[in-house]
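If you want the building blocks of each chain, they are given just below.
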Amino acid sequence: MQEKNLSSNNFEQCIKCTICTAYCPVVAVNPAYPGPKQGGPDGERLRLKNKYFFDENLKYCMNCKRCEVACPSGVKIADLIHSARRRYSVETPGLRDRVLAGTDFMGKAARPVAPLVNAVMSSKVVKDVLDVMMDIDRNRKFPKYKAKGFVSWFRKNAQAKQEGYSRQVAFFHGCSTEFQHPEVGQAFVKVMNAVGIGVQLLDEKCCGVAMVSNGLWAGAARHARHNVSVFKEAVAKGLPIVGVSSTCIFTMRDEYPDILEVDNSEVRDSITLVERYLFELVDSGQVKLVFKKDYRARIAYHIPCHMEKLGWSLFTKALVQMIPGVSLTVLDSSCCGMAGTYGFKKENYKYSQAIGEHLFGQIKALSPDFVCCECETCKWQIEMSTGRTVLNPIVILADALDVDATIAANAAPAAAAAPAAADAIDG
Amino acid sequence: MRAEFDVIIIGGGITGAGTARDCALRGLRVLLVERHDIATGATGRNHGLLHSGARYAVTDRESAAECIKENMILKNIARHCVDDTSGLFITLPEDDLDYQAVFVKSCLAAGIKAEVIDPKEAIRMEPSVNPSLIGAVKVPDGSVDPFRLCASNVLDAKLHGAKVLVYSEVTEFIKDGDTVRGVKVLDHRTGEVSEYYAPVTVNAGGIWGHRLAGMAGVNVGMFPAKGSLLIFAHRVNNVVINRCRKPANADILVPGDTVCIIGTTSTRVPYEECDNMAATPAEVDLLLTEGAKLAPGLAHTRILRAYAGVRPLVSADNDPSGRNISRGIVLLDHEERDGVKGFITITGGKLMTYRLMAQMASDAVCRKLRINADCITARTPLPGSRPGGLEKVARKIWEVPTTVQKAVVGRVGTRAATLSPEDDYAGSLVCECEEVPVSEVDAAIERMDVHNLVDLRRRTRVGMGTCQGELCACRAAGRMAQASGCTAKARADLKSFINERWKGMYPVGWGDTLRESAYTQWVYSEVLGLNGKI
Amino acid sequence: MKFDVILIGGGLSSLVCGIRLQKAGRRCLMVSAGQNALHFSSGAFGLLGSLPDGTAVQYPLEAIPSLPAGHPYAKIGVGKIAEYAAMAPGFFESCGVHLVAAAAAADPVLRSVRNGFRFTATGTMKPAWLAMSEVAFFPTEEALRDSDGVPVESALIVNFAGFLDFNARFIAEGLEKNGIRCRLETVRIDDVERLRKNPSEMRSVNIARVMTREQNWKGFAYQVKELMKGEDMVVLPEVFGLGGELIPQWLSEMIPAKVTYVGTMPPSVCGIRTQMRLKEAFESAGGTFLLGDEVLDPEVEDGRVLCVRTSNLGSMRLVADSYVLASGNLFGNGLTAAPGEFREPVFGLDVDYPQDRSDWYDPDFFAKQNYIGVGVKTDGAFHPYIAGRVVENLYVAGSEVGGCNSLAEGSGAGVAIMTAFKVADGILGRQEPANA
């Protein structure tokens, strides 16, 4: 006897309420995209009848997951779309897509000649050439590669003293920290060390999100398997895997099993974002943060799509609001339009900017000192489109932290503070 | 005014539709009369199984041989109605594996290609099949869309000059002594009664032929046998799955269009109840329990609806007890049998053998009319049926077909070239679950005898998908209102359509199906105010 | 994490309750598994349209004493309902949601609320208590009047060409039955035409998104003006004002007639806007809203909830003094139905439902369906039970509460709001002196 008529086929939970379509950033700007309902649960039935019903236009899905966050029926709409792409797409990714997807490969290639690459990539002539030859939009500003990566900085300046801390974490720095924004990793090490936590690096590979977006499924799955096995070793040593990019963390927790079919069940709960990790420590009284008395900032918080999907923005809000001189405005929940490599592509550039229009307008109107955001590609998009600086929350925390006072507060026996919070929290 | 025809055919099921087409192709002036819509009786209430004949091979070799012959014909003349999925007959641990040998032998004797395959191979062929199977036989089963098949026959009959009256009920036979000269027909939509004359009248009323025969003064003993079925919300299987045992309850799972169907049960019902068939809770439970044995996935797949039909079984002439019931084709010339001239009955048989039944009936009509005309239906494709699968046909019409165009091709075959959206307006979807665009809906309303939303559903699949009309019914009603200009009627029709969908949903009203209904309730009753005051 | 109150569900009832509590200084966490039923709101709130036996109600408060004892309104009591009803418009106004009520004298109190009528997309009239500012809402069933009280004689109904979710013919027929001459016209807007290239996304909300652009709504207004032939009313699909009520207001200013909006097929633009406003009000008062997250694994001991967890926050214990369950009925998965029973999936609360499944349904879809009226059993203060034992720090609000068939009665929003107020008062009353 059928127990519930509650289908185990996730797409059948869709009751055609159309709510997903109201939150899809793409349908409103790009009519070629079939939309989350049509491409997801509706399309799935047709594809099960005949795979010929697969629509290559599903490539326009940004995988922002806003449909899934909005769905009252728990349908994994974006997963359905990307699984369908994986199963049925016959379009092979071209050179452009491979270049955009190879975030770590390209970073390594560019680094030795970073100043040259940066100069070249900013030149109008090169942008025109890329536009014509490679379909990378000429209006797009490229993030600057750094000549020295985070890892080499870490090895030279930080690694030696990490063993001295009694508590340790494994740091998944991600590609952008390594190649474009080493300051994010430096901020992470600064804050962790200040609260008495040592940082260990992992033999990590790119999380693979860009490869998923660009249809390089096999490569993405290879990275996923590698990372999961590396994480297993760390977890076996009792180390949590802590990251700074919401997209990397989301991908490794959820996309690995849902789209790439790579089992991460043994490590999933140990993969976390620094904001959540730190909040839990503070909230349970295990560590203390002391901030500079004179720190002042008006900050606007843009919650990246994958952060919305993770559902962890409350931790970032709480942490940033712990800084006494901060006034924090949470921006309307909306997509910036970048979606990783999506906005680089010539065919998407126009839509990418149209999607972000509301967000850019709100930021410009608010004119904050800077924008806070956990995702590097949102950062690129917002900085390019609004001229405002975007900082990862860990960078803000590191800037505002009174390091000496924090070290002192955490060195003193924390036992006095702990009991008050202990009954409320137990992670 | 006397309306004269060569032949009057009563009954717009597949038998009547097929006979109308056959006679029309032979050049006869044909009138087809149906009291509801086409395909409302047993035609629209079965599995939609394109039998290979294997099911009957052991018990009824004659039927089995007919089936495989017609199977191969339909795969040629009704390509857009048929899905050549192939089929499996599986043996489960509780079944007798010895039956398999008898089964295969009987199939081969009837001309059915039956091939024993390794159970592992069967799982590869159809991953949803019960993995504990101990035996498997591959046969040329498939699925057929009975609504589409019936509508295509009617359409072709009309293209060859036939007149078709739907919602028109024969109230009386016009008799001249012991000769049937014609019929009096009540048009339910206008209330008018008209007289139609023809030298031959064919009773193709299926189970209702019993009453028609009585009206004409002859006795045709029908034995109504109810069968219940369940529709699941998507294709769990892509290959027909049968149990390799003597035919029993719930032992066939057929993938049909975007859904799959498990059936059936078999119960004698009183003749008076034939008009109101519904699946009972006990039947639903039985179908689920037995169905999950064929494909365990059914136990956790959403059920869209439950429905029931009545098989038009005929008792042999001198067997009033009904014990000796045949599932074969029965053609009765009432002049020879009962002394009533100008009247024949074609009944029994199956959806699969409709064409053969139509051929037999048309041959009889021609004999009576003393016309020498050959049957060409075995080699003449139905409108829309041209060679090539979905992809090939779509690519032949458009270089890069859109998803909507692909869906239209999937339903109407080569006719899609004329029905498919010409512009963005016509391409807008009315039904999103099944991808039915405005152009297809409008064409059906215009050319396919569509008088209400249920008719429209039978022609186009509007409202047959997951939401069971929640999104599309209101849109489709708008198109109906525009076509008819009668808004009040369209609103009433919208209500009755929603009610018709509900009738199949509440017998399986739990889980997501009930959730879907609750949502539909709020949208239609509250937001759209369909139960409000005018 | 520790909160004062954790609310489960993010729809009308939960938001109203959460805003009240948060504004009263309680730290609230709201967890919503996806968006909610406000997304298919009719644009109006019903308090009580008819009695359980089907008798039409003109003055809802007057009818409340005749409701059966198990009805949520009976539990709250007519005095409190009258008080809450008087308070509701101001409450919503303070959240940025402007609602209109049918005019009624303040005295006698039981006649201080009168049902007006919402004009529906199929051309029918449904009783309603409050309506969002732009929807077609009329004080009485008989006379459709303009804003100056003058009866409307003629109407122009304008649709976007090829927009299937707004059925102008149904609307025209309904208005003509009320003696209003109607004319139908369609307009084309370039950005909407672009949208149409997608065969399925010509939806109310997508049109609304496009119509927030100034050139588009202005262009629309100009086209409507051109099409008018002196009609005193213009009826438009309710696809304006996703960002705010200002666009409908501006259209009204530009178009020289009474402009009114009739709802389309879902999603509901004014419903989404209302949801956004209420969520903003909750968050700007300091509340924490988790969208797309699901409450799981509660710990209940000795008739008290100790903590809950969510799927996104994993093993983290979320602790509060009080908990409110307002996750809706079947639509919101606040209740689930299996062949033999209804369940409340989070806590396994006792649910009131007919034991025989055949009593769940009426074969007539449009008749009263008992399954719609299934809900959680509660005591007078809306505390639920687990296996017969009351759960003291848990409250149930909104359509999850049993005891009424809100669809048949036209009391969906009313029950959501009234139970929300009552539960908020219950929680506040517990922790504060009676006069607070």
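Residues numbered from 1 in each chain as written. Chains lettered and ligands numbered in written order. Predicted model: local features only at pLDDT ≥ 70, side-chain atom pairs only at ≥ 80, totals over all residues.

### Points about the confidence of the model for chain A
As a note on interpretation, predicted positions should not be read in detail where pLDDT is low.
Here comes step 1: Per-residue confidence for chain A gives a mean pLDDT of 91, with 94% of residues at or over 70.
Here comes step 2: This model gives residues 414-427 of chain A a pLDDT under 50, and the stretch forms 21 contacts once residues within four places in sequence are excluded. (pLDDT = per-residue confidence, 0-100. Contact = placed C-beta atoms within 7 Å.)

### A look at the nonpolar core
Here comes step 1: V7, V30 and L230 of chain B together with V324 of chain C are the most contacted members of the largest nonpolar core, which totals 462 residues.
Here comes step 2: At 10 residues, helix α12 (residues 412-431) of chain C tops the list of elements feeding residues into this core.
Here comes step 3: When sequence neighbours within four positions are dropped, the list of residues in contact with L230 of chain B reads I261, I262, V284, L287, G291, I303, A306 and V508 of chain B. (Core = buried A, V, L, I, M, F, W, Y, C linked by C-beta atoms within 7 Å. Buried ≥ 20, exposed ≤ 12 C-beta atoms within 10 Å, placed from the backbone. Helix = DSSP H or I, 4+ residues; strand = E, 2+ residues; numbered from the N terminus.)

### Focus: the pairing of strand β6 (residues 125-128) of chain C
Here comes step 1: Of the two faces of β6 of chain C, both are covered, the one formed by M125 and P127 of chain C as well as the one formed by K126 and A128 of chain C.
Here comes step 2: Connecting strand β5 (residues 116-119) of chain C to the antiparallel partner β6 of chain C that follows it, the hairpin turn spans five residues, and G123 of chain C within it adopts a positive phi of roughly 80 degrees. (Pairing = 2+ DSSP bridges.)

### So, helix α9 (residues 246-254) of chain C
Residue and element names in this part refer to chain C.
Here comes step 1: By the burial criterion, the buried members of α9 are I247, P248 and L251. The buried residues of α9 all sit within an arc of 100 degrees when viewed along its axis, so they share a single face. Those residues of α9 that are exposed and aimed more than 90 degrees away from the buried face are L246 and E253.
Here comes step 2: Buried positions along α9 lie against α7 (204-211), α8 (214-227) and β12 (258-262). (Arc of directions from axis to C-beta.)

### Considering the sheet that holds strand β4 (residues 99-101) of chain C
The strands making up a sheet associate through hydrogen bonds between their backbones, and the pairing can be parallel or antiparallel.
Here comes step 1: Pairing in this open sheet of three strands is antiparallel, and the strands run β3-β7-β4 (chain C) from one edge to the other. On the outer flanks of this sheet lie β3 (44-45) and β4 of chain C, each paired with one strand and no other.

### Considering the interface of chain C and chain A
Here comes step 1: Residue-level contacts link 38 residues of chain C with 34 residues of chain A.
Here comes step 2: Among the secondary structure elements, those contributing two or more residues to the side of chain C that touches chain A are α6 (190-196), α7 and β13 (288-291) of chain C.
Here comes step 3: Across the side of chain C that touches chain A, the residue classes break down as 16 nonpolar, 14 polar and eight charged. (Nonpolar A, V, L, I, M, F, W, Y, C, P; charged D, E, K, R; others polar.)

### Examining the interface of chain C and chain B
Here comes step 1: Tallying the contact residues gives 43 residues for chain C and 44 residues for chain B.
Here comes step 2: Among the elements of the structure, β6 and α5 (168-177) of chain C are those that each provide at least two residues to the side of chain C that touches chain B.
Here comes step 3: If you tally residues by element for the side of chain C that touches chain B, the top one is α5 of chain C, at five residues.
Here comes step 4: The class makeup of the residues in the side of chain C that touches chain B is 22 nonpolar, 12 polar and nine charged.

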